2 protein chains.
Amino acid sequence: MADDGQKRGEEEEQVVNPWEVTAKDGGKIDYDKLIEKFGCQRLDCSLIDRVERLTGRPAHVFLRRGVFFAHRDFNEILDVYERGEKFYLYTGRGPSSEALHLGHLVPFMFTKYLQDAFKVPLVIQLTDDEKCMWKNLSVEESKRLARENAKDIIACGFDMTRTFIFSDFNYVGGAFYENMVKVAKCVTFNKVVGIFGFTPEDHIGKISFPPVQAVPSFPSSFPHLFPGKDQLRCLIPCAIDQDPYFRMTRDVAPRIGYQKPALIESSFFPALQGETGKMSASDPNSAIYVTDSSKDIKNKVNRYAFSGGQDSIENHRKYGANLEVDIPVKYLSFFLEDDDELEHIKKEYGSGRMLTGEVKKRLIEVLSELVERHRKARAAVTDEMVDAFMAVRPLPNMFS
Amino acid sequence: MADDGQKRGEEEEQVVNPWEVTAKDGGKIDYDKLIEKFGCQRLDCSLIDRVERLTGRPAHVFLRRGVFFAHRDFNEILDVYERGEKFYLYTGRGPSSEALHLGHLVPFMFTKYLQDAFKVPLVIQLTDDEKCMWKNLSVEESKRLARENAKDIIACGFDMTRTFIFSDFNYVGGAFYENMVKVAKCVTFNKVVGIFGFTPEDHIGKISFPPVQAVPSFPSSFPHLFPGKDQLRCLIPCAIDQDPYFRMTRDVAPRIGYQKPALIESSFFPALQGETGKMSASDPNSAIYVTDSSKDIKNKVNRYAFSGGQDSIENHRKYGANLEVDIPVKYLSFFLEDDDELEHIKKEYGSGRMLTGEVKKRLIEVLSELVERHRKARAAVTDEMVDAFMAVRPLPNMFS
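These numbers come from a predicted model, not from an experiment.

1. Focus: the overall build of chain A
Helices and strands together make up the secondary structure of chain A, namely 19 helices and nine strands. A compact globule built from 400 residues would reach a C-alpha radius of gyration of about 21 Å, and chain A, at 21 Å, matches this within 12%. Oriented by its inertia axes, the alpha-carbon framework of chain A measures out at about 65 × 50 × 45 Å. Contacts in chain A between residues at least 24 apart in sequence constitute 78% of all its contacts with a sequence separation of at least 6. When the accessible surface of chain A is split by element, carbon and sulfur atoms take 49% of a total near 15800 Å². Of the side-chain charges in chain A, 54 are positive and 60 negative, and the distance between the mean point of each set is 2 Å.

Written as structure tokens, this is what we have:
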């Protein structure tokens, strides 16, 4: 039944699919095993060097520090770019909660960097239909959340002249629906059971959904953006739990005359309580939200952020912190841009010269600044701007 | 697995679903058993009388002669009408072949009568997506066939001011797609296996399709037609093989706040070779096509129409024809409008005074006239008219 790594049972070490991320025995996700299981490639230094060379700018922190750590055919996208041709970016979000947490921002921050560095068009899918089906929200509530989330996404700084944001409830139809049908014809029920772990008790809305997330990978789904460019390559930045959708998409693509999308995939942003999965929007104390006040942030970091420091100052000075499990250091490695400072903290903290409280204090500063910057940017996003990003229109700066 | 009458096996007597109509042991379809199995009601004389009384015109031949023989809540539709309120009609076609045969015309001829008699709006769905998936046609070919079939449908004489024709590839989206998701959330894979006989080897396009045929039953799927009329009742004239779709629809409707559609259901128009199933578009000699010439019709009727006459003139004069199995008489009962003449033929032929050749000659006249009338009407249907019927627009004569 399950031939794609979603199988449970004694031999099963970890579960990673779009709806569940669980490490083995409460431990950490083993990303090497995930790469092997999913059949993607590790993003190595030579690729990162190539990105820097081609774009003429330093690689993003998330690349340098291995947050985006795996890929499929990213090298081919760079080949395309090196030949002076273009590609487009596709990412998305399932709008299930009103407030985003920091983990939600990761793919968008990285996608913005890619858009700026490569100067390429971007489509962002808000899967309000998915959340309506999985979370049993009403259509109206799902659509409302999609628009609220769109404001947070726009606040990440995307270039409106290169970005089309759409919600499925607003956009499914026409060429997009035609592609959904083309994909659906190529995938059996048995196949989606293998890839996604569906059961016969699942409703057919779930079973119908994978083609909806697949088809933005194909430029012909956007006739207002890419007319006559059916073979334009697509690069998808996403967290690796979305890989099953695109394994399916890549399997189907050549059978319906389309290019396989390339992927660049991130690890999960860990919960405050420790690196056993990804942050959960349903447990407010597991995550820092973009709506949290500086006081909230201080309280959450101090109270919940799992520390690798020792249980007494004496032991800490003696043995140093265990950086492998330390959440403040992990969070700083996502969001503290200064490489030298990060190295300094790791060295001092790992050797016991710096205490947990000092590291947490620095993290609180970094996160408060980030969240405050986001809060201000989001407050400036008007309903008119949302309408403008979501308007079905050609993009003026598509390939320039 | 199969709790809705699609189960095969020793006890199984006949198979009737949207993709297969097979009588038991090459015999006739047992419509009484079908009514019992599906759980619909027989359309009795009192309902037909009521139709005549309410509309002030004689009942259609297809009603008088039991072609439309079963229903679900048709009485409630008449209650609505009697109270001075309105309803709307919904019918459709899967555009799988270029030329329609006479069996394909039956629901449209009857729907036109209902539209004229009740003066109500009508939506006609062309399921080009379904045929693309089941018949493995390309999207483009399916869309082309939908337009070709639309011409035949328009040729049946529908009132453009009351009729909206749409193809799924052109129309799915917006409120229609929202309703698809609402329906899909309420139906499990197990359920569609029970209703439609799908298997895990079927592709997910098939499994996704039932909501597409379900949602035209809900007025909110057509915001340009029925704004603010979400509780408007819907009456679906169709052949009884489509009943599974609407059993599912009726099951779901109250759970998502909608009215159940009512149905009025026909028996199958028999093949020339005899009444064991419905006509097949794939065997050209089993059917009279609207594109057949008078010569074709003469040849097909004389050569293939199964006769209930005896094997010699002597025996025929002695025993008379078996009207129960005679296809020329069956066809005349569909298309010869004059009740007196039909009775006369049945009496004379049944008693042996009239010969098969004479009955076939009369049938050839009736069908040739019908097909010629259709041919002329279809030739007058322009591409502009198709565009006009398919335009997403309010209907000027909706409720007048």
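More follows now that the structure is in view.
2. Some points on the pairing of strand 9 (residues 262-266) of chain A
All names here are of chain A. Summarising burial for strand 9: five of the five residues are buried, a large majority. Across the two faces of strand 9 the burial is the same, with Ala262, Ile264 and Ser266 and Leu263 and Glu265 all buried. Strand direction decides the pairing type here: strand 4 (residues 68-72) and strand 9, joined by four bridges, are antiparallel. In the strand pairing of strand 9, Ala70 is matched with Glu265.

3. Here's the deal with the side chain of Ser368 of chain A
You can see Ser368 of chain A is positioned in helix 18 (residues 356-379). Discounting residues that sit within four places of it in the chain, Ser368 of chain A has contacts with Ser294 and Ile297 of chain A.

4. Thoughts on the relation of the copies chain A and chain B
Between the two copies, chain A and chain B, the superposition gives an RMSD of 0.0 Å; the rotation angle is 180° and the shift along the axis is 0.0 Å. Put plainly, the chains are arranged around a two-fold axis. Residues of chain A ranked by C-alpha distance from the rotation axis are headed by Gly173 of chain A, positioned 2.2 Å from it. Looking at chain A, 100% of its interface residues are interface residues in chain B too, so the copies touch through the same face.

5. Details of empty space enclosed by the protein
Summed over the entire model, instances satisfying the criterion amount to one cavity of 30 Å³ or more. If you add up the space inside the largest cavity, you get close to 250 Å³. Met180 and Ser208 of chain A together with Tyr177, Met180 and Ser208 of chain B are, among the 21 residues lining the largest cavity, the residues nearest its centre. Counting only elements with at least two residues in the lining of the largest cavity, the list comes to helix 6 (128-134), helix 9 (174-184), helix 11 (204-208) and helix 12 (210-214) of chain A together with helix 9 (174-184), helix 11 (204-208) and helix 12 (210-214) of chain B.

Thresholds, definitions, all that
- Residues numbered from 1 in each chain as written.
- Chains lettered and ligands numbered in written order.
- Predicted model: local features only at pLDDT ≥ 70, side-chain atom pairs only at ≥ 80, totals over all residues.
- Heavy atoms only, no water.
- Helix = DSSP H or I, 4+ residues; strand = E, 2+ residues; numbered from the N terminus.
- Rg over C-alpha atoms; globule rule 2.2 N^0.38 Å.
- Contact = heavy atoms within 4.5 Å.
- Areas by Shrake-Rupley, 256 points an atom, 1.4 Å probe, with all protein chains shown as cover.
- Lys, Arg positive; Asp, Glu negative; His and termini not counted.
- Charge placed at Lys NZ, Arg CZ, Asp CG, Glu CD.
- Buried < 20%, exposed > 50% of the residue type's maximum accessible area, 1.4 Å probe, protein only.
- Pairing = 2+ DSSP bridges.
- Least-squares fit on C-alpha atoms with pLDDT ≥ 70 in both.
- 1 Å grid on protein atoms, 1.4 Å probe; cavity = no way out; pocket = protein on both sides within 12 Å on 5 of 7 lines; lining within 4 Å.
- Points joined across faces, edges and corners; volume = space filled by probe spheres on them.

Limitation: the analysis is restricted to geometry and does not speak to function.
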